[in-house]
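# A closer look at the structure
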Amino acid sequence: MIPTKKEWTEALIARHGRELHQRFSSATVAICGLGGLGSNIAIALARAGVGKLRLIDFDHVDITNLHRQQYKASQIGRCKAESLVSNLQEISPYTEVEAVIEKITEENFAALLKDADIICEAFDSAEAKAMLVNGVLEQLPQCYLVAASGMAGMDSPNTIKTRRITNRFYLCGDEVSEVADTIGLVAPRVMLCAAHQAHTVLRILVGEYEV
Amino acid sequence: MVKVNGAELDIAGKTVAQYLSTTNYDLKRIAVERNGDIVFKSQYEATILQDGDSVEIVSFVGGG
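What you see is a predicted model, and the numbers here were worked out from it, not measured in a lab. (Residues numbered from 1 in each chain as written. Chains lettered and ligands numbered in written order. Predicted model: local features only at pLDDT ≥ 70, side-chain atom pairs only at ≥ 80, totals over all residues. Heavy atoms only, no water.)

Residue and element names in this part refer to chain A. One pass over the structure, following the stated rule, counts two aromatic pairs over all chains. Judged by centre distance (6.0 Å) and plane angle (70 degrees), the ring pair of tryptophan 8 and tyrosine 94 falls under edge-to-face. Taken together, the residues tryptophan 8 in helix α1 (residues 5-16) and tyrosine 94 in the loop between α4 (80-91) and β3 (96-100) connect sequence positions 86 residues apart. With a relative accessible area of 23%, tryptophan 8 lands in the partly exposed category. Plain terms: the ring middles of tyrosine 144 and tyrosine 209 are 5.7 Å apart, the flat faces sit at 10 degrees to each other, and that makes the pair stacked. Note that tyrosine 144 is positioned in strand β5 (residues 144-148) and tyrosine 209 in the segment after α7 (187-205), a separation of 65 residues in sequence. Judged by its relative accessible area of 14%, tyrosine 144 is buried. A residue is classified by how much of its surface remains accessible, and tyrosine 209, at 32% relative accessible area, is partly exposed. Positioned above the aromatic ring of tyrosine 144, the side-chain terminus of arginine 168 is 4.4 Å from the ring centre. (Phe/Tyr/Trp six-rings, centres within 6.5 Å; stacked < 30°, edge-to-face > 60°. Helix = DSSP H or I, 4+ residues; strand = E, 2+ residues; numbered from the N terminus. Buried < 20%, exposed > 50% of the residue type's maximum accessible area, 1.4 Å probe, protein only. Lys NZ or Arg CZ within 6 Å of the ring centre and 35° of its normal.)

Now for the sheet that holds strand β3 (residues 30-34) of chain B. The strand order across the open sheet built from five strands is β2-β1-β5-β3-β4 (chain B), with neighbouring strands paired in mixed fashion. Edge strands, defined here as strands with exactly one partner in the open sheet, are β2 (7-9) and β4 (37-38) of chain B. Note: strand β1 (residues 2-4) of chain B against β2(B), three bridges, orientation antiparallel. Along β2(B), the bridge assignment pairs B:Val2 with B:Leu9. Across the sheet, helix α6 (residues 126-139) of chain A is in contact with β3 and β4 of chain B; its angle to β3(B) comes to roughly 35 degrees. (Pairing = 2+ DSSP bridges. Contact = heavy atoms within 4.5 Å. Axes fitted to C-alpha atoms, helices over the stretch in contact; angles between N-to-C directions.)

Laid out in structure tokens, this is it:
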């Protein structure tokens, strides 16, 4: 039996305190890319009680995604954004989640992201990361941006870090482990980077801006 | 002198675009921060590096 919304809210307040819960629950966070980073960020933020998540990805769940991304075998072939919404509704039924099935481009990102408080860059391709970071910092100066670079391979978990590059731009990862140069992405190291991003989002929401 | 990713370089007076052209950075994979602000891509040609500037070039790698 699923708890009522009131019970859910009371449980979050008991864990986080009223003030943190108020900050988390009134926030809108957009997640750009729903792979190993984005799917893990979404789950962490939904569990923490972030009020509204906009989940953006054009792609479908593939068998090669399941070693690190938060989908199920039964979801292979289905749309990632809708699959993640469905998974989040099971985990955290009162989080407001919106699936946007679109490829994010230089032309459409501003319209898709402009009402978000914080934007998470969670793409796979380096060019797409740079496009979004440059675009958001130029055209959406009111938003905070938490991006990621370098989380592939079997290097130490301790090299994953968060840096504050400008007042509104944070970068998580080891900044060097390119997926093409390594054995690829491995679940826990990607989750570490996603956890850095998700926790940075929560810290920004409570006014803890330094890393 | 201009500090670029921690190294002091004798490039004051050059534009961001001129400096980048002497490096191996892939312009499609970078963001440039100067004195705490992002240099917009459209301003690389017009932004002249000043003595004492602190610049960071963030070069993205793939994976996510």
